[in-house]
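As a plain string of letters, each chain reads:
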Amino acid sequence: MKQQKKIHRIYLATQFKSDRYTCSIDLSHRILNVLRIKNNETISIFNHKREECLSSVSIDGKQVILNLKEKIINKDNQTRIIRLGVSIINMKLMDLIIQKSVELGVTNFSPIYTKRSQYKCVDKKLDHWEKIVIHATEQCGRLELMKISSPLSLVEFDNVNQCSSKYLLHQNGEKFKKEDLKCNDISLLIGPEGGFEDKEIEHLEINGWKMKTINVNILRTETACISALTLLGNYDILSRYSL
């Protein structure tokens, strides 16, 4: 079966008030030299207002102009809030976790400083991570960008997550059950290599976090993130089982 031709998606941080948009030098370079989009090719553009439009590309030397053609009626009406806190680990693995978090539906992501975090100051990585969020959103078809916070301490993350469904992934936790995963506002917390320290776990449990496990084996941080988010995204399919 012949596959449909892929239409590139590009995020623009602007409202679509005009039917013509002149791209910045950086965006023009990306369209021409990275994505290698040709003159008169059709692409999709979307913004922070959840608007998406088909647009034709006009190339004038090194300058790209987008001509908006028609609005796309998007059925992406995500109402579920998934908040993910991850203890800061190796930077390349953090990049991977952030990318996959976008693809798997996380709405709010927080890098967390814990006792066993590999880094203690990563504020300078925020711009880089926000670019990963944008590119992952373009690729996976989402409309809304995942919000990524400045790095938080474990206590700060706990303070901003006051929903009733708060789960700490730990190898000694209980298995997830159907009722654990049905909530439309859920928080997940995943620790570093070596896990949380006992005092950190004690603080979290006192403040309403429930320990849960998703595998009999001890998982790496990035594996735990992807596995847990996949489980959340497919709980309705798997709900007949005790997970």
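Structure first, text after, so check above.
Residues numbered from 1 in each chain as written. Predicted model: local features only at pLDDT ≥ 70, side-chain atom pairs only at ≥ 80, totals over all residues. Heavy atoms only, no water.

Caption draft 1: Region of the structure containing the sheet that holds strand E1 (residues 9-11). One open sheet holds the 5 strands; their spatial order is E1-E3-E4-E5-E2, and the pairing between them is mixed. Sheet topology places E1 and strand E2 (20-22) at the edges, where each strand pairs with a single neighbour. Within this sheet the neighbouring strands show an average axis-to-axis angle of 35°, counted without direction. Note that E1 and strand E3 (residues 42-46) share 3 bridges and pair parallel. Note on E3: the bridge partner recorded for Tyr 11 is Phe 46. Sitting on the sheet, helix H1 (residues 25-34) touches E1, E2, strand E4 (52-60) and strand E5 (63-71), and the angle it makes with E5 is about 80°. Here helix H3 (residues 126-140) sits on the sheet and contacts E1 and E3; the angle it forms with E1, its principal contact strand, is near 145°. (Pairing = 2+ DSSP bridges. Helix = DSSP H or I, 4+ residues; strand = E, 2+ residues; numbered from the N terminus. Axes fitted to C-alpha atoms, helices over the stretch in contact; angles between N-to-C directions. Contact = heavy atoms within 4.5 Å.)

Caption draft 2: View of the packing of helix H2 (residues 91-103) against helix H7 (residues 221-233). Between H2 and H7, the least distance of the axes is 10 Å, while the angle of their chain directions is 5°. With respect to their mutual orientation, H2 and H7 come out roughly parallel. For the pair H2 and H7, the contacting residues are Leu 93, Leu 96, Ile 97, Lys 100 and Ser 101 in the first and Thr 221, Glu 222, Cys 225, Ile 226 and Leu 229 in the second. Among the residues making up the contact of H2 with H7, the classes are represented as 6 nonpolar, 2 polar and 2 charged. (Parallel < 35°, antiparallel > 145°, perpendicular 65-115°, else oblique. Nonpolar A, V, L, I, M, F, W, Y, C, P; charged D, E, K, R; others polar.)

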